[in-house]
Amino acid sequence: MTPLKLVAGFLSATFAMNLMAADFNFKFQSSDPSGVKNFHIQQEWAERVGKMTGGRVEITILPVGSVVSHTETLGAMKMGVLDGHVSVTGYFSGQDPAFGLIGNTVGAWSSPDQLYTYINYGGGYELMNELYKPYGVKFVGGGGTGLESFVSKKPLDGVEDLKGLKMRAPEGLVQSVFAAAGASPVNLPGSEVYTGLSKGVIDAADYTVFSTNQSAGLNEIAPHPVYPGFHSLPLLEIAMNLKEWNELPEDIQAIMTTSARDFAKDISTQLAIADVKAVKEARENPNITIHNWSDEERMKFREIARKQWKTYAEQSPNAEKVYKSVTQFLESQGLL
């Protein structure tokens, strides 16, 4: 091969590589371990963003704890250690109680669609960006994965059975509500729920949806799940470093925003389908007993939760903003 052809071949290969290289490479950490369905759906979202932007954006989704702990990703984004995260807002209640209140307004939402509507059409999106601005973080979007199941090693048929129960609950309002109901909440990351149950550190857990619990084997070691869930519908968010967001072209910002809305619908739909299949599987297992609380018991728990909203809102000015925003929306929709 002549030198001229060698140079031409090199230039051609370099040009092809440049065409394939993304303009923006982002590292996002998830609050989920790599083996669960939530994580796979998050990876699918990242792949869609790549396709929708014609390869200009490449997002790598890392499992929980890959770079920092699940409660430290907010700070990691501000410092530039991470570009973004897909995480549960309530994990950052240690930074401001407002994140615990908006991240899981226990007893407020009866379906993921209600939370989705509040975020996208009821002021939640704007409020989240106001809350995150001092941290140098952009709230891109989010919604609810679904009404969570509740795993337990002990039979639970109502509020009275929660008294003295050693249980995992995420930081913030969720812990306050369960403590008010008489339980003994323990702070554990989701990745340690299985170990905590198997070793007797906890007897129950507010963790995630039924299908994820089932596939992880939680219903085998904690064979008294409560389903449908009576308690928790957390906000799962996509967020990223604000400076990096501001540097994105407007069309990519629009794609990211739209894709985040699509992700919120996608994950709640996929998990709902998976839950139906998992519940059928669990009912066929003679060692698992599914408990469905009566409307009366659900209302008792909801009343306990609602009393905690206002108490929790008094902990910071931002939490008070969240309380007013959420309750005004609920009232406007006849949900409160």
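These numbers were taken from a predicted model, which means no experiment stands behind them.

Core analysis: the largest hydrophobic core is formed by 83 residues, its most contacted members being Trp-45, Ile-59 and Phe-301. Beyond its immediate stretch of four places on either side in the chain, Phe-301 contacts Val-106, Val-159, Leu-162, Val-177, Phe-178, Ala-181, Phe-230, His-231 and Trp-293.

All right, on to the side chain of Gln-42 then. Structurally, Gln-42 can be placed in helix H2 (residues 37-52). Judged by its relative accessible area of 0%, Gln-42 is buried. Polar side-chain contacts of Gln-42 include one of 3.0 Å to the side chain of Asp-32. Discounting chain neighbours no more than four positions away, the residues touching Gln-42 are Ser-30, Asp-32, Ile-61, Val-86, Leu-236 and Phe-263.

This part takes up helix H5 (residues 112-121). Counting buried positions along H5 gives seven out of ten residues, so the element sits mostly inside the fold. Regarding H5, the residues found buried are Pro-112, Gln-114, Leu-115, Tyr-116, Tyr-118, Ile-119 and Asn-120. Elements that come into contact with the buried residues of H5 comprise helix H4 (97-103), helix H6 (124-132), strand S4 (137-144), strand S9 (235-241), helix H12 (250-283) and helix H14 (317-332). One or two residues past the end of H5 sits Gly-123, with phi positive at roughly 105 degrees.

Reading across from one edge, S5-S8-S6-S7 is the order of the four strands in this open sheet, with mixed pairing throughout. Among the strands making up the open sheet, the edge pair consists of strand S5 (150-152) and strand S7 (184-186). Across the sheet, the axes of successive neighbouring strands diverge by a mean angle of 25 degrees, strand direction being ignored. Sitting on the sheet, helix H7 (residues 173-180) touches S5, strand S6 (166-168), S7 and strand S8 (204-206), and the angle it makes with S7 is about 155 degrees.

Remark: H5 packs on H14, axes separated minimally by 11 Å, with the N-to-C direction vectors making an angle of 120 degrees. Crossing geometry of H5 relative to H14 is assigned as right-handed. Contacts from Gln-114, Thr-117 and Tyr-118 of H5 reach H14 at Ser-325, Val-326 and Phe-329. Here the residues of the contact of H5 with H14 are counted per class, giving three nonpolar, three polar and no charged.

This part is about the packing of aromatic side chains. Here the distance between the centres and the angle between the planes together describe a pair of aromatic rings. Within the structure shown, the criterion is met by 17 aromatic pairs. With a centroid separation of 5.4 Å and 55 degrees between ring planes, the pair formed by Tyr-118 and Phe-329 is classed as tilted. On the criterion of sequence distance, the pair formed by Tyr-118 in helix H5 and Phe-329 in helix H14 is long-range, its members being 211 residues apart. Each member of the aromatic cluster is reached from another via a ring pair, and the members are Phe-24, Phe-26, Phe-28, Trp-45 and Phe-263. In this structure, Arg-261 is placed above the aromatic ring of Tyr-121, and the distance from its NZ or CZ to the ring centre is 5.4 Å.

Now for the pairing of S9. Of all seven residues that make up S9, seven are buried, and the element is covered over most of its length. Sheet analysis places strand S3 (residues 84-88) next to S9, joined by five bridges and oriented antiparallel. The residue bridging Val-88 from the neighbouring strand is Leu-236, located in S9.

Parameters and conventions
Residues numbered from 1 in each chain as written. Predicted model: local features only at pLDDT ≥ 70, side-chain atom pairs only at ≥ 80, totals over all residues. Heavy atoms only, no water. Core = buried A, V, L, I, M, F, W, Y, C linked by side-chain atoms within 4.5 Å. Buried < 20%, exposed > 50% of the residue type's maximum accessible area, 1.4 Å probe, protein only. Contact = heavy atoms within 4.5 Å. Helix = DSSP H or I, 4+ residues; strand = E, 2+ residues; numbered from the N terminus. Polar contact = N/O pair within 3.5 Å; in protein donor to acceptor, adjacent residues only side chain to side chain. Pairing = 2+ DSSP bridges. Axes fitted to C-alpha atoms, helices over the stretch in contact; angles between N-to-C directions. Left-handed = near helix turned anticlockwise from the far one by under 90°. Nonpolar A, V, L, I, M, F, W, Y, C, P; charged D, E, K, R; others polar. Phe/Tyr/Trp six-rings, centres within 6.5 Å; stacked < 30°, edge-to-face > 60°. Lys NZ or Arg CZ within 6 Å of the ring centre and 35° of its normal.

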